Amino acid sequence: MSFNIALSGVAAAQKDLDVTANNIANVNTVGFKESRAEFGDVYASSLLAGGDTKVGDGVLTLEVAQQFSQGSLQFTDTALDLAITGNGFFATVPEITSRDYSFTRAGQFKLDSDNFVVNSNGDNLMGFPVNSDGSSSSVALSTTVPVRIPDSSGSPQKTSEVDIRMNLPASDTAVDPIQFDPDDPLTYNAATSVTIYDSLGDSHVMTYYFVKDPDPAVTNEWFFATAVDGNLVDLVNSDGSDSDPATAANALGTATGNDVTAGKLKFSAGGDFIGIESPDGVGQTDFKIVTEALGGTILSNGSDVSQQVAVDFNLNPAIATTNEPTQFASSFEVTSLEQDGLPVGRLTGIDIGPDGLVRATFSNGTSEPIVRVALVRFSNEQGLTQESNTQWKESIESGEALAGEATTGTFGEINSSALEQANVNLTTELIDLIIAQRNFQANSRALEVNNQLNQTILNIR
């Protein structure tokens, strides 16, 4: 009997050594959770046996219990490195169409060839679909989708309006508008350009020319003409009506063969912006000049040839504001020139918030919410079935997987550019190793003594 008792002690000490050695081996494994060997004594008795003289039957390994305490964070330079502080697991699937969920705390994620977020095993990280405002459209595990980072922001946006703010030099010498030639800087007073976009996202350069009117009958008035990619375009009234460039009061460049229908900007004697005169010479109440349709000659790439671009001078008829053009005795200066078009954006970066919201930023200056990384918790974490590669599976003992958003309820928060280190205390493990070794040696000694007793009995003559 004592031989078997000592043998159970050796087996228990060996199990303790195995568990401790496994903890030490995984001290640098991201997301690893240490285990602890738990033992119980064996005590067997019968109804007729004397309980006060009964000796125990040894020791038994009851469970190798996982310890889900928080590991320390190691910060990195990679946005897709994720760590959870608090409760929760990441959900992963082996294929994008699979629903065979595994759960992990190891957040070493990266992009695969199709821009899906995967771990080192190639398993896909799962997230909740989101609305345009970043709110989750569903938080059920069954509705999670593989997290994918797009490399473009979708459809471009054609330019519909340009806002301009500038100062025209009051002291400039007037120029004969009949001689206007965009290729000759001596035939206009000032020019500036802005990049605009067509419906396909292609860029075009729109140039604005300003010519001071030399007519002695008028003062403080400037002709305004536009060109796109070097091609002059006529202006139309903001109500869509057009005028014949040959008869329009505001025609430029007839002497050079570059005649174009222009508009006029009017200023007060104090340099404040008064208003706009339309191409046909009739004053406008809508304070925008609209370039005519750019047309198939300029937009010959298959984009929308009916595109028009409004040029907004931000006139406030009630009072002069800082958003309006001015005519002061200083040099020509453009203080603001903005347009509302966008090219196709290429991915330049991603940001993952504490709530798991993945937001992508693009080269066209836009950003948009993509998906929210899902977290999953269990009623009994220690009941999870452990698998290789620091992953766990749901079991009857763990309870059903409950999905939710990070930072809500009992779910922890997600830290981007960080990894959760193993929760193994190396000093404690080395001490446990010494204790387990001592127990192994002591039980081995008990086996040796039992063996000597058996030999003594067998040698009795």
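In what follows, the structure referred to is the one given above.
Quick caveat: nothing in here was measured; it's all calculated off a predicted structure.

### Considering helix α3 (residues 426–458)
In step 1: A rise of 1.5 Å per residue sets the reference length of α3, with its 33 residues, at 48 Å; its end C-alpha atoms lie 47 Å apart and thus fit the reference within 8%.
In step 2: Listed as buried for α3 are Glu-429, Ala-436, Asn-443, Leu-447 and Asn-450.
In step 3: The inward-facing, buried residues of α3 contact α1 (2–25).
In step 4: At the N-terminal boundary of α3, the capping side chain belongs to Asn-425, with an oxygen 3.1 Å from the backbone nitrogen of Thr-427.

### Points about the environment of Phe-39
In step 1: For Phe-39, the position within the fold is in strand β1 (residues 35–41).
In step 2: What makes Phe-39 partly exposed here is its relative accessible area of 31%.
In step 3: Between the alpha carbons of Phe-39 and Val-64 there is a distance of 8.9 Å; along the sequence they are 25 residues apart.
In step 4: Beyond its immediate stretch of four places on either side in the chain, Phe-39 contacts Ala-12, Lys-15, Asp-16, Val-59, Leu-60, Thr-61 and Leu-62.

### Re the packing of aromatic side chains
In step 1: Under the counting rule described, the total for this entry stands at 16 aromatic pairs.
In step 2: Between Phe-89 and Trp-392, the ring centres sit 5.7 Å apart and the planes meet at 65°, which makes this aromatic pair edge-to-face. Residue Phe-89 is located in strand β5 (residues 89–93), and its partner Trp-392 is located in strand β29 (residues 391–393); the two are separated by 303 residues in the primary sequence. For the residue pair Phe-89 and Trp-392, the accessibility class agrees, reading buried in each case.
In step 3: Ring centres of Phe-90 and Phe-109 lie 5.5 Å apart, and the angle between their planes is 90°; on these two criteria the pair is classed as edge-to-face. One end of the pair, Phe-90, is in strand β5; the other, Phe-109, is in the loop between β6 (102–104) and β7 (110–111), with 19 residues separating them in the sequence. Take Phe-90 and Phe-109: they sit in the same class, and that class is buried.
In step 4: Three or more aromatic residues joined by ring pairs form one cluster here, namely Tyr-208, Phe-210, Phe-224, Phe-267, Phe-273, Phe-313 and Phe-332.

### Regarding the pairing of β5
In step 1: Counting buried residues in β5 gives five out of five residues, a clear majority hidden from the surface.
In step 2: By the alternation rule, side chains of β5 split into Phe-89, Ala-91 and Val-93 and Phe-90 and Thr-92, which are all buried.
In step 3: Sheet topology places β5 next to strand β27 (residues 375–377); two bridges connect them, and they run antiparallel. Bridged to Phe-90 within β27 is Leu-375.
In step 4: Across three bridges, the pairing between β5 and β6 is antiparallel. In the sheet register, Thr-92 faces β6, and the bridge partner there is Ser-102.
In step 5: Here β5 pairs with strand β9 (residues 124–128) via two bridges, running antiparallel. If you follow Thr-92 over to β9, its bridge partner there is Leu-125.

### Describing the nonpolar core
Across soluble globular proteins, nonpolar side chains have a tendency to be buried as a group.
In step 1: Counting residues in each nonpolar core, the largest one holds 27 residues, and the members touching the most others are Tyr-208, Phe-210, Phe-224, Leu-265 and Phe-313.
In step 2: Sorting the residues of this core by element identifies β11 (161–167), β12 (190–197), β13 (203–212), β14 (221–228), β19 (263–267) and β20 (273–277) as the ones contributing at least two each.
In step 3: Not counting the four nearest positions on each side in its chain, Phe-210 is found in contact with Ile-164, Met-166, Leu-168, Tyr-188, Asn-189, Ala-190, Thr-192, Trp-222, Phe-223, Phe-224, Leu-265 and Phe-332.
In step 4: Leu-82, Ile-84, Leu-125 and Val-373 belong to the second largest nonpolar core, which has 20 residues in total.

### Considering the pairing of β11
In step 1: Sheet topology places β11 next to strand β22 (residues 310–312); three bridges connect them, and they run parallel. Within the sheet, the bridge partner assigned to Asp-163 lies in β22 and is Asp-312.
In step 2: Where β11 lies against strand β23 (residues 333–339), six bridges are found, and the strand directions are antiparallel. Looking at the pairing, Asp-163 lines up with Glu-338 of β23.

### Observations concerning the packing of α1 against α3
In step 1: Two numbers describe how α1 lies on α3: the axes approach to 8 Å, and their chain directions differ by 160°. Classified by the angle between their axes, α1 and α3 sit roughly antiparallel to one another. Here α1 runs over α3; the crossing is left-handed.
In step 2: Taken together, the residues of the contact of α1 with α3 break down into 14 nonpolar, 11 polar and three charged.

### A word on unusual backbone geometry
In step 1: The backbone phi angle of Thr-390 is positive, close to 50°, even though this residue is not glycine.
In step 2: Among the residues examined, Thr-390 registers a relative accessible area of 15% and is labelled buried.
In step 3: Even without being a glycine, Thr-407 presents a positive backbone phi close to 70°.
In step 4: Since its relative accessible area comes to 43%, Thr-407 is described here as partly exposed.

### Considering the sheet that holds β22
In step 1: Pairing in this open sheet of five strands is mixed, and the strands run β16-β21-β22-β11-β23 from one edge to the other. Whereas interior strands pair on both sides, the edge strands pair on one side only; in this sheet they are β16 (235–236) and β23.

### Focus: the pattern of salt bridges
In step 1: Tallied over the entire structure, the rule returns 10 salt bridges.
In step 2: Between Lys-393 and Asp-100 there is a salt bridge; the shortest N-O distance is 2.6 Å. Taken as a pair, Lys-393 in strand β29 and Asp-100 in the loop between β5 and β6 lie far apart in primary sequence, 293 residues in all.
In step 3: With a closest N to O distance of 3.0 Å, Glu-420 and Arg-105 form a salt bridge.

### Considerations on α1
In step 1: Counted at 1.5 Å a residue, the expected span for α1 with its 24 residues is 34 Å, and the 34 Å between its end C-alpha atoms agrees.
In step 2: Along α1, the residues that are buried comprise Ala-6, Ser-8, Gly-9, Val-10, Ala-12, Ala-13, Asp-16, Leu-17, Val-19, Thr-20 and Asn-23.
In step 3: If you follow the buried residues of α1, they end up packed against β1, β2 (59–66) and α3.

Conventions and cut-offs
- Residues numbered from 1 in each chain as written.
- Predicted model: local features only at pLDDT ≥ 70, side-chain atom pairs only at ≥ 80, totals over all residues.
- Heavy atoms only, no water.
- Helix = DSSP H or I, 4+ residues; strand = E, 2+ residues; numbered from the N terminus.
- Expected span 1.5 Å × (residues − 1).
- Buried < 20%, exposed > 50% of the residue type's maximum accessible area, 1.4 Å probe, protein only.
- Contact = heavy atoms within 4.5 Å.
- Polar contact = N/O pair within 3.5 Å; in protein donor to acceptor, adjacent residues only side chain to side chain.
- Phe/Tyr/Trp six-rings, centres within 6.5 Å; stacked < 30°, edge-to-face > 60°.
- Pairing = 2+ DSSP bridges.
- Core = buried A, V, L, I, M, F, W, Y, C linked by side-chain atoms within 4.5 Å.
- Axes fitted to C-alpha atoms, helices over the stretch in contact; angles between N-to-C directions.
- Parallel < 35°, antiparallel > 145°, perpendicular 65-115°, else oblique.
- Left-handed = near helix turned anticlockwise from the far one by under 90°.
- Nonpolar A, V, L, I, M, F, W, Y, C, P; charged D, E, K, R; others polar.
- Salt bridge = Lys/Arg side-chain N within 4 Å of Asp/Glu carboxyl O.

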